[in-house]
Amino acid sequence: MALSLAAEGDVTRDTSLAIEFRRTTEERRNLDWYLEDYLWRADVLPPAHAREMADLIVSRGIELFESTFERDAATRELWRRISDDIPDCRIEIEVARGVVSLPWEIMRQRSNEEPLSVRARAFVRTEPSVGSFATINPGPVLRLLWIVARPEDGGGVTLRNVLSDVLVAAHPYGPSIEVAVLRPPTLLELERKLRTAQEAGHPYQVIHFDGHGVHIPGRSQDEGRSERGRGYLVFEDELQSSRLVTGDELGELLRRSGVPIVVLNACQSAKVAGNSSIGSNADTNQAARSVVQELFDHGLPGVIGMETSVYARTASEFSSILYSALFRGEAFGSAATLARRALYRNRDRWDELGAYPIDDWLVPIIYEAGSLSALDSNRSPLGDSRARHRVPRLGLRGRDDVFLRLDRSFDRDSAVLLHGQVGIGKTSTAVEFSSWYASTGGLGADQLVLISRFQPLSSAGSVVQDAADGLSVSLDRQIDPEPSGDPVLRWRAIRSFAEDRTILWIWEDIDAMGRGQEKPLTRSLPFRGINSLFAAIHSDPRTKVLLTSRSRAHPWLPDSVPRIELRPLRKEQMERLAQEFVYQEFDAPIN
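Presented here is a report on the structure given in the accompanying data block. This structure is a prediction, so every number in the text was calculated from the model and none was measured.

### Some thoughts on helix H7 (residues 247-256)
- For H7, the full list of buried residues reads Gly247, Leu250, Gly251, Leu253 and Leu254. Down the axis of H7, the smallest arc covering the buried residues is 165°, so these residues share one side.

### Here we look at the packing of helix H5 (residues 161-170) against helix H9 (residues 312-327)
- Where H5 meets H9, the axes come as close as 8 Å, and the angle between the chain directions of the two elements is 25°. When the axes of H5 and H9 are compared, the pair comes out roughly parallel. For the pair H5 and H9, the crossing hand works out as right-handed. Side by side, H5 and H9 meet where Asn161, Val162, Asp165, Val166, Ala169 and Ala170 of the first sit next to Ala312, Arg313, Ala315, Ser316, Ser319, Ser320, Tyr323, Ser324 and Phe327 of the second.
- The class makeup of the residues in the contact of H5 with H9 is eight nonpolar, five polar and two charged.

### A word on the environment of Leu233
- With respect to the helices and strands, Leu233 occurs in strand S9 (residues 230-236).
- Taking the relative accessible area as the measure of exposure, Leu233 reaches 3% and is therefore buried.
- Considering only alpha carbons, one finds Leu233 and His215, 18 residues apart in sequence, at a separation of 8.8 Å.
- Once residues lying within four places of it in the same chain are set aside, the contact partners of Leu233 are Phe209, His212, Arg243, Leu244, Val245, Leu250, Leu264 and Val291.

### Things to note about the sheet that holds strand S10 (residues 242-245)
- Taken in spatial order, the three strands of this open sheet run S8-S9-S10, and their pairing is antiparallel. Of all strands in the sheet, those bounded by a partner on one side alone are strand S8 (213-216) and S10. The sheet shows a mean angle of 40° between the axes of neighbouring strands, direction not considered.
- Pairing between S9 and S10: four bridges, direction antiparallel. Bridge assignment links Glu236 to a residue of S10, and that residue is Ser242.
- In this fold H7 packs onto S9 and S10, with an angle of close to 75° to the strand it touches most, S10.

### Side note on the pattern of salt bridges
- If you walk through the whole model with that rule in mind, you get 26 salt bridges.
- Of the charged contacts, one joins Arg495 and Asp540 as a salt bridge, the two residues approaching to 3.4 Å between their closest N and O atoms. Taken together, the residues Arg495 in helix H14 (residues 487-495) and Asp540 in the loop between helix H15 (525-538) and strand S19 (543-549) connect sequence positions 45 residues apart.
- Classification of Asp540 by relative accessible area gives buried; the value is 10%.
- Residue Glu565 pairs with Arg567 through a salt bridge whose shortest N-O separation is 3.3 Å.
- A relative accessible area of 37% places Glu565 in the partly exposed class.
- Owing to a relative accessible area of 55%, Arg567 belongs among the exposed residues under this scheme.
- In this structure, a network of salt bridges that share partners links the residues Arg183, Glu236, Asp407 and Arg408.

### Let's talk about the nonpolar core
- Formed by 77 residues in total, the largest nonpolar core has its most connected members in Tyr34, Tyr38, Trp146, Leu322, Tyr323, Phe327 and Leu546.
- The dominant element in this core, judged by the number of residues it contributes, is H9, at seven residues.
- Within the second largest apolar cluster, 30 residues are counted, among which are Leu417, Phe454, Trp507 and Ile510.

### Things to note about the packing of aromatic side chains
- Counted under the stated rule, the structure contains 22 aromatic pairs.
- Aromatic side chains Tyr34 and Tyr38 sit 5.9 Å apart centroid to centroid with 35° between the ring planes, which places their arrangement in the tilted category. Judged on exposure class, the residue Tyr34 and its partner Tyr38 are both buried.
- Members of the aromatic cluster, connected to one another through ring pairs, are Phe454, Trp491, Trp505, Trp507, Phe534 and Trp556.
- Between the NZ or CZ atom of Arg160 and the centre of the ring of Phe403, over which it lies, the distance is 4.0 Å.

### Remarks on unusual backbone geometry
- Residue Arg183 is joined to Pro184 through a cis peptide bond whose omega torsion reads -10°.
- As for its placement among the helices and strands, Pro184 is situated in the loop between strand S6 (177-181) and helix H6 (187-199).
- The phi dihedral of Glu499 falls on the positive side, at around 55°, and the residue is not glycine.
- Among the structural elements, Glu499 can be located in the loop between H14 and strand S18 (503-508).
- On the basis of relative accessibility, which here comes to 57%, the residue Glu499 falls in the exposed class.

### Considerations on the environment of Val259
- Along the chain, Val259 falls in the loop between H7 and strand S11 (261-265).
- Taking relative accessible area as the criterion, Val259 reaches 0% and is therefore assigned buried.
- Residues Val259 and Gly302, 43 residues apart in the sequence, show an inter-C-alpha distance of 9.7 Å.
- Apart from the residues within four sequence positions on either side, Val259 is in contact with Ala134, Leu194, Tyr204, Gln205, Ile207, Leu254 and Leu300.

### Regarding the sheet that holds S18
- Pairing within the open sheet is parallel, and its five strands lie in the order S17-S18-S19-S16-S20. The open sheet has two edge strands, strand S17 (448-453) and strand S20 (563-565), and neither has a second partner. Sheet twist, expressed as the average angle between the axes of neighbouring strands with direction ignored, equals 20°.
- Where helix H11 (residues 400-412) meets the sheet, its contacts fall on strand S16 (415-419), S18, S19 and S20, and the angle it forms with S20 comes to roughly 175°.

### Quick look at the pairing of S18
- Within S18, six of the six residues are buried, which leaves it mostly tucked inside the rest of the structure.
- Side chains Ile503, Trp505 and Trp507 of S18 all project onto a buried face; the interleaved residues Leu504, Ile506 and Glu508 project onto the opposite face, where all are buried too.
- Pairing analysis gives six bridges linking S17 to S18, with the strands arranged parallel. If you follow Ile451 over to S18, its bridge partner there is Ile506.
- With five bridges connecting them, S18 and S19 associate as parallel partners. Considered in S19, the bridge of Leu504 is made with Lys544.

Rules used in this analysis
Residues numbered from 1 in each chain as written. Predicted model: local features only at pLDDT ≥ 70, side-chain atom pairs only at ≥ 80, totals over all residues. Heavy atoms only, no water. Buried < 20%, exposed > 50% of the residue type's maximum accessible area, 1.4 Å probe, protein only. Helix = DSSP H or I, 4+ residues; strand = E, 2+ residues; numbered from the N terminus. Arc of directions from axis to C-beta. Axes fitted to C-alpha atoms, helices over the stretch in contact; angles between N-to-C directions. Parallel < 35°, antiparallel > 145°, perpendicular 65-115°, else oblique. Left-handed = near helix turned anticlockwise from the far one by under 90°. Contact = heavy atoms within 4.5 Å. Nonpolar A, V, L, I, M, F, W, Y, C, P; charged D, E, K, R; others polar. Pairing = 2+ DSSP bridges. Salt bridge = Lys/Arg side-chain N within 4 Å of Asp/Glu carboxyl O. Core = buried A, V, L, I, M, F, W, Y, C linked by side-chain atoms within 4.5 Å. Phe/Tyr/Trp six-rings, centres within 6.5 Å; stacked < 30°, edge-to-face > 60°. Lys NZ or Arg CZ within 6 Å of the ring centre and 35° of its normal.

Below, the structure is given as structure tokens:
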């Protein structure tokens, strides 16, 4: 291997050396167990099991450092020149293609408890260039496209865990940070979205993939040859099933679309050990790394992948710090190193039984070709009056399975009914979803959310008046068109004030209408009015309606409208909510 020192105003100094650093299959297997399985059984395993692995990481890190920098006089001289300036150093590890990379992130001095990958200003990997890298010019606006892939056959992963924290971090910077979610999360829609942005002269600088990774092992062939395995990202297809995408396929699309930075978060909350089928995370390590390398091969100069499976809270904390740093103008490699440092300095991961330390700070692997900045440096948050983005309320934790079904249903239909027993949380879920949907680009750049709370005497006319009142507040202008006896005509006149902006309209407790009346609702004038009004609204693609009700059956509601039942929380969901409450109220970290 070669060591090279380049300092401003000084000559470049180089030296070469050969090192021997071997990892056995058992050591790799134990490390994977520690990083992927340990926390699921930490309450029943002796703490010594984890301490042994933590001590092994330290000892092997010291061994790697001494094999590199204490090899001979030349390497010791290089270290002497940089040892006092590590916090200001950018360390690049260049690995030749086809060579198995060593675990450089664990490298540390015997006299310093922190590894170099944590102490340095930036610690990144790179590879010899096979061509030119995509360019990135710092500007006043950062455009981030978030891909939340949750195929129905892909196993459970929380929908909002990572992105919610990033949206909160983006809010103070107002219109200089644009965050959009890809809907639906298919490769075809990604290609359309990127092409539209590029043609408009506003390409995305950062793509974040939040979903599964899978590695399909190679197969033995004749004459002693073997076929290499390959890593994939799991997108959704048009039927919400799994669609495997290689790094080559994605890299070609992103390079063609002018995207320079990709963050791959194969975040999974349920592990099926020893199973590499879609939806398990046993081989997320290989999937993420191989995809990272393929993306880098296609000239994307900034890529982050996960060395192994990553716990949900770890991914959230890493992403929150990474993007907070990017939003204030830090270079990509430096921002990612800051996030890694934060994980290292707070290694406790909480579950319902307490906190357990784990060294998952070494899971994120950072590739960067040169120092990349997507935004002008030294940026400051704006005042609240200039912050454009809606911040998710984040008052409701959990229910991600329902949020996912609502989100995907609105990809296909403009109306959805959320139903469930009294007091189960239909209204809070609907309101929280509207905040999530609006803040993640579901309603476009100009967000309009209305709410109508149905009463026993509600009618089509009173619902339309709710819309007029809500739009008057949202648009900061009086909306009171010429009264009409026909609620449909009046709605269309009111709707014209919003022009082409998309509206999400919550109809709360629709079965309250007519409650307690002697005449059956199906024969009453309010029913006939609501029937016609809903039909008119439902035919307008610019208006989405989220209805809540105790019952799924309503004679005036077409059978084609998707029904989603809100059920009581399961025991493990309630335990998770208790953890979230502790985290919010007492600032205690959770995994």
